[in-house]
Amino acid sequence: KNLLPPELADIEDDVEALLPIHGAELDLAAADTAFGKQVLSVNMTEPGSGLAFPPQKVRLAPGAGHEKTVSLLASCYVKGPRDAQITLGLQFAPAELLDPKTKEPVTDRQEDKAEPVTITLNGEWQRVACVVSGDVRLRERIAGFSITLASARQMTLQADGFQFEP
């Protein structure tokens, strides 16, 4: 199940909800994909430039086992120049975990783990993903997702089919 609202999962109308990073230019481009007739076009002008999603409230579902953490996966399709590199980032906003009885912060909290992923593009459409995990007792979190330029040269990246999955 995609936890993103439809207007962010498939950007067809406008890019106003998205946040440019370090001078990146966001626009729509015509492209026939499995998700529609438009894709997000990101002109990345320098290393570190790119786009961010506005913070999204997500409701996480624990697994069937006794895991102490729960994960959120962000994925999308991207297309850009062969051998160019992008970095995907997904993180939770800080959240306090209080003991229901004492109302004090718990001592056994599982720390959030977010590892940015650097991906080398192949010149074709490719599915890319990154993950963040946090304490299973925190069911509602605020998640932030970004795509930034990791290589040195300016480039235009196309992206579509965004998903947040528990």
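Residues numbered from 1 in each chain as written. Predicted model: local features only at pLDDT ≥ 70, side-chain atom pairs only at ≥ 80, totals over all residues. Heavy atoms only, no water.

> Explain the sheet that holds strand β8 (residues 113–114) to me, and be specific about the residues and the numbers.
Sheets are built from strands that pair by backbone hydrogen bonding, the pairs being arranged parallel or antiparallel. Judged by pairing direction, the sheet is antiparallel, and its 6 strands sit side by side in the order β2-β3-β12-β6-β10-β8 without closing on themselves. In the strand order of this sheet, the two ends are held by β2 (25–33) and β8, each with one partner. (Pairing = 2+ DSSP bridges. Helix = DSSP H or I, 4+ residues; strand = E, 2+ residues; numbered from the N terminus.)

> Account for the pairing of strand β11 (residues 140–149), naming residues and giving values.
In terms of burial, β11 is a largely internal element, 8 of the 10 residues being buried. Relative to β11, strand β5 (residues 56–59) runs antiparallel, the two sharing 4 bridges. Note on β11: the bridge partner recorded for Lys57 is Ile142. Looking at chain direction, strand β7 (residues 85–92) and β11 are connected through 7 bridges and run antiparallel. Bridge assignment links Leu90 to a residue of β11, and that residue is Phe145. (Buried < 20%, exposed > 50% of the residue type's maximum accessible area, 1.4 Å probe, protein only.)

> Which residues make up the pattern of salt bridges, and what values go with them?
Evaluation of the coordinates by the stated rule reveals 5 salt bridges. Arg137 serves as the salt-bridge partner of Asp135, at 2.8 Å between the closest nitrogen and oxygen. Of the residues examined, Arg137 reaches a relative accessible area of 40% and is grouped as partly exposed. What you see here is one network of salt bridges that share partners, running through Asp108, Asp135 and Arg137. (Salt bridge = Lys/Arg side-chain N within 4 Å of Asp/Glu carboxyl O.)

> I'd like to hear about unusual backbone geometry, residue by residue, with values.
Excluding glycine, most residues fall at negative phi; most peptide bonds, likewise, are trans. With a phi angle near 50°, His22 is a residue other than glycine that sits in the positive phi range. Turning to its location among the elements, His22 is positioned in the loop between β1 (19–21) and β2. Among the residues examined, His22 registers a relative accessible area of 54% and is labelled exposed. Positive phi values are uncommon outside glycine, yet Asp83 reaches one of about 75°.

> Quick rundown of the packing of aromatic side chains? Include the residues and the values.
One pass over the structure, following the stated rule, counts 4 aromatic pairs. With a centroid separation of 6.1 Å and an interplanar angle of 85°, the aromatic rings of Phe145 and Phe164 are classed as edge-to-face. Of the two residues, Phe145 sits in strand β11 while Phe164 sits in strand β12 (residues 155–165), which places them 19 residues apart along the sequence. Owing to a relative accessible area of 1%, Phe164 belongs among the buried residues under this scheme. By way of ring pairs, the aromatic residues Phe53, Phe145, Phe162 and Phe164 are connected into one cluster. (Phe/Tyr/Trp six-rings, centres within 6.5 Å; stacked < 30°, edge-to-face > 60°.)

> Would you mind going over the environment of Ala34 in detail, with residue names and values included?
Mapping Ala34 onto the fold places it in the loop between β2 and β3 (36–44). Given a relative accessible area of 79%, Ala34 falls into the exposed group. Taking C-alpha positions, Ala34 is 8.3 Å from Gly161, a pair spaced 127 residues apart along the chain.

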